[in-house]
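# Chains, contacts and geometry: an overview
Here is how the chains run, residue by residue.
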Amino acid sequence: MTDYLPYKQEITTTCQKLVEKGYLMATGGNVSVRIPGKTAFAITPSDYDYLQMTAEDVCVLDFDLNVIAGKLKPSVESSMHAAIYQARPDVNAVIHTHQVYASALTLIKASIPALFDEQARFLGRSVEIIPYAPSGTGLLKNTIAKHVRDHNNAYMMQNHGALIFGTDMQRAIHNVEILEKCSLAYLLALTTERKISKIPLAVREIAFSKLRKDQKTVESSAA
Ligand SMILES: [Zn+2]
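Residues numbered from 1 in each chain as written. Predicted model: local features only at pLDDT ≥ 70, side-chain atom pairs only at ≥ 80, totals over all residues. Heavy atoms only, no water.

### Quick notes on the overall build of the protein
When helices and strands are tallied, the protein shows 7 helices and 8 strands. Since a compact globule built from 223 residues should have a radius of gyration of about 17 Å, the 17 Å found for the protein is in line with a globular shape. Reported as C-alpha extents along the three principal axes, the dimensions of the protein are approximately 55 × 40 × 30 Å. In the protein, buried positions account for 50% of the 223 residues. Excluding contacts between residues fewer than 6 apart, the proportion of contacts in the protein whose partners are at least 24 apart in sequence is 68%. Within the structure as shown, the protein displays about 10400 Å² of accessible surface, and the carbon and sulfur contribution to it stands at 54%. Looking at the protein, you have 24 positive and 22 negative side-chain charges, and the mean spots of the two groups are 7 Å apart. (Helix = DSSP H or I, 4+ residues; strand = E, 2+ residues; numbered from the N terminus. Rg over C-alpha atoms; globule rule 2.2 N^0.38 Å. Buried < 20%, exposed > 50% of the residue type's maximum accessible area, 1.4 Å probe, protein only. Contact = heavy atoms within 4.5 Å. Areas by Shrake-Rupley, 256 points an atom, 1.4 Å probe, with all protein chains shown as cover. Lys, Arg positive; Asp, Glu negative; His and termini not counted. Charge placed at Lys NZ, Arg CZ, Asp CG, Glu CD.)

What follows is the structure, encoded as structure tokens:
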């Protein structure tokens, strides 16, 4: 199964980076990457220490969750990742974290409006809250598949964590960082109880159209 080695390695190096930066903690969260040209993706195993993980431990699944490669049990959120790849042909990497500041915003169900230029350019028009559903259930999978059709690249899962996409893994990692910066700044601003200013609507729309252009380039190359 050496065919999949580059994708498996990308998962392990991404997890190590995200642990170092504090976005992944203990065994929480999961990371996946689409296998180009196949209806398949590589994903982290379930309940497994990221710092112990080697490429051999990473699972490769098809969109019906049949195991193509890997001996360990795949992430309990595998069905959520499969649903995202099917709903969003522009998405080639998915990161789910329990990152602290975005998770805090889910507790007060505070979706993030367009606050910063780079947020609108890379995460989309807003970062919405996806209503609560228990981990690993069909309900969660269906709720997420419905929400991601708005072409944003970051979402917050109520009382749970964050969900971040990228056209590639590097972009997804940067988007995790942009989301956490926006979440912390927004939380701090909310504590002042003063009016929160947003970027002008026209600027938001121009930034979002650039994001859509990137997405359409990936969509057409995948078709
Ligand atoms: Zn989770």
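### With respect to the packing of aromatic side chains
One pass over the full model with this rule turns up 4 aromatic pairs. Seen from the ring of F122, R171 lies directly overhead, with NZ or CZ sitting 3.6 Å from the centre. If you follow K181 out to its NZ or CZ, it ends over the ring of F116, 3.6 Å from the centre. (Phe/Tyr/Trp six-rings, centres within 6.5 Å; stacked < 30°, edge-to-face > 60°. Lys NZ or Arg CZ within 6 Å of the ring centre and 35° of its normal.)

### A short note on the pairing of strand β8 (residues 161-166)
The two faces of a sheet get side chains in turn, since along a regular strand they alternate between them. Taken across its 6 residues, β8 has 6 buried, putting it largely inside the fold. As judged from the 5 bridges shared by strand β5 (residues 93-97) and β8, these two strands associate in the antiparallel manner. Paired with T97 across the two strands is A162, which belongs to β8. From the end of strand β7 (residues 154-157) to the start of β8, which pair antiparallel, there are 3 residues, and N159 there has a positive phi angle of about 50°. (Pairing = 2+ DSSP bridges.)

### What about the environment of G136?
Within the secondary structure, G136 is located in the loop between β6 (128-130) and α5 (138-147). Residue G136 is classed as partly exposed on the basis of its relative accessible area, which comes to 38%. Along the backbone, G136 and V76 are 60 residues apart, and their C-alpha atoms lie at a distance of 5.1 Å. With residues near it in sequence (within four places) discarded, G136 still touches V76 and E77.

### Quick notes on the coordination of the zinc ion
The coordination sphere of the zinc ion, as far as protein atoms go, consists of H96 (NE2), H98 (NE2) and H160 (NE2), spread over 2.1 Å. For the zinc ion, the donor residues sit on a single chain with the sequence spacing H-x1-H-x61-H. (Donors = N, O, S within 2.8 Å, 3.2 Å for Na, K, Ca; no water.)

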